Amino acid sequence: MTGRHAHGLLDTSVVVDLPHLIGTDSLPLESEICSITLAELSVGPLIAKKPAEQSARQAMLQIVESTFTPLPFDETSARIFGRVAAQLRLSGRKTKAKAFDALIASVAIQHELPLFTQNASDFDLIEGLEVIEVSSPSNAGQ
């Protein structure tokens, strides 16, 4: 048996880097995304400044849409988000700056899934969330 997690929720940072992570032991055996990640990825092609960048982002969005069925951000997620946002505010962190992260964390908590991210510090101080930091092989040695 490997040390890999059986199941996990991928943060947007990991989804964007999937081409470099597939085939490594960095990912859970079964990966999920949530509707918030899909929303973040949907912005990418719309704000790209260069046609090549727009095309690459659109291709990534289409691959993700055809590969995953996102877990929804629903009423339960919203209630959990309230608790997460309160924790972050009481700790002095501004939730507006990290609103997407707090929303994604809420879905992970709701479904009792570890969250795989390349930005673990974005999820500091969120109680009840297991965070797994993923390093990209493409960043090795940098």
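Reading the values: rules and limits
Residues numbered from 1 in each chain as written. Predicted model: local features only at pLDDT ≥ 70, side-chain atom pairs only at ≥ 80, totals over all residues. Heavy atoms only, no water. Helix = DSSP H or I, 4+ residues; strand = E, 2+ residues; numbered from the N terminus. Rg over C-alpha atoms; globule rule 2.2 N^0.38 Å. Buried < 20%, exposed > 50% of the residue type's maximum accessible area, 1.4 Å probe, protein only. Patch = residues over 30% accessible without salt bridge, like charges linked within 9 Å, V, L, I, M, F, W, Y side chains within 5 Å. Areas by Shrake-Rupley, 256 points an atom, 1.4 Å probe, with all protein chains shown as cover. Salt bridge = Lys/Arg side-chain N within 4 Å of Asp/Glu carboxyl O. Core = buried A, V, L, I, M, F, W, Y, C linked by side-chain atoms within 4.5 Å. Contact = heavy atoms within 4.5 Å. Pairing = 2+ DSSP bridges. Axes fitted to C-alpha atoms, helices over the stretch in contact; angles between N-to-C directions. Parallel < 35°, antiparallel > 145°, perpendicular 65-115°, else oblique. Left-handed = near helix turned anticlockwise from the far one by under 90°. Nonpolar A, V, L, I, M, F, W, Y, C, P; charged D, E, K, R; others polar. Expected span 1.5 Å × (residues − 1).

S.K.: What should I look at first to understand the overall build of the protein chain in this one?
M.R.: Per the secondary structure count, the protein chain includes six helices and four strands. Reading the secondary structure of the protein chain in the N-to-C direction produces β-α-α-β-α-α-α-α-β-β. In summary, the protein chain has a C-alpha radius of gyration of 15 Å against a globular reference of 14 Å for 142 residues, a match within 12%. Summarising its shape, the C-alpha atoms of the protein chain cover approximately 40 × 40 × 30 Å along the three principal directions. Within the span of the protein chain, comprising 142 residues, buried residues form 42% of the whole.

S.K.: Could you clarify how one ought to interpret a nonpolar patch on the surface in this entry?
M.R.: Side chains of Val43, Leu46 and Ile47 sit close together on the surface and give an oily, nonpolar patch of about 310 Å² of accessible area. Tracing the sequence through the fold places Ile47 in helix H3 (residues 35-47). For Ile47, a relative accessible area of 52% translates into the label exposed.

S.K.: What should I look at first to understand the nonpolar core in this one?
M.R.: One broad rule of soluble globular proteins: the nonpolar side chains tend to lie buried together. Counting 19 residues, the largest nonpolar core has Leu9, Cys34, Val84, Leu115, Ile126 and Leu129 as its most contacted members. Sorting the residues of this core by element identifies helix H5 (75-90) and helix H6 (99-110) as the ones contributing at least two each. With seven residues, the single largest contributor to this core is H6. Those residues in contact with Leu9 that sit more than four places away from it in its chain are Glu32, Ile33, Cys34, Leu71, Ile104, Val107, Ala108, Leu113, Pro114, Leu115 and Phe116.

S.K.: Teacher, can you tell me more about the sheet that holds strand E1 (residues 7-10) here?
M.R.: Strand pairing in a sheet is mediated by backbone hydrogen bonds. Such pairs are either parallel or antiparallel. Spatially, E2-E1-E3-E4 is the arrangement adopted by the four strands of the open sheet, whose pairing is parallel. Each having just a single partner strand, strand E2 (30-32) and strand E4 (131-133) make up the two edges of the open sheet. Across the sheet, the mean angle separating the axes of adjacent strands is 35° when strand polarity is ignored. Summarising the sheet, E1 and E2 pair through three bridges and their orientation is parallel. When the sheet's bridge partners are listed, Leu9 is paired in E2 with Glu32.

S.K.: What should I look at first to understand the packing of H3 against helix H4 (residues 51-67) in this one?
M.R.: A pair of packed helices is captured by two measures, namely the crossing angle of their axes and the spacing between those axes. At a minimum axis distance of 7 Å, the contact between H3 and H4 shows a crossing angle of 155°. Classified by the angle their axes make, H3 and H4 are roughly antiparallel. The handedness of the crossing between H3 and H4 comes out as left-handed. Residues Leu38, Leu41, Ser42, Gly44, Pro45 and Ile47 of H3 touch H4, and the partners they reach there are Gln54, Arg57, Gln58, Leu61, Val64 and Glu65. Residue composition of the contact of H3 with H4, by class: six nonpolar, four polar and two charged.

S.K.: Before we go on, may I ask you to explain H3 in this structure?
M.R.: Spacing of three or four residues puts side chains on the same side of an α-helix, whose turn is 3.6 residues. Helix length check: H3 (13 residues) gives 19 Å between terminal C-alpha atoms against 18 Å at 1.5 Å per residue, within 8%. Of the residues making up H3, those classed as buried are Ile36, Thr37, Leu38, Leu41, Gly44 and Pro45. Of the surrounding elements, those touching the buried residues of H3 are E1, helix H1 (12-16), H4 and H6.

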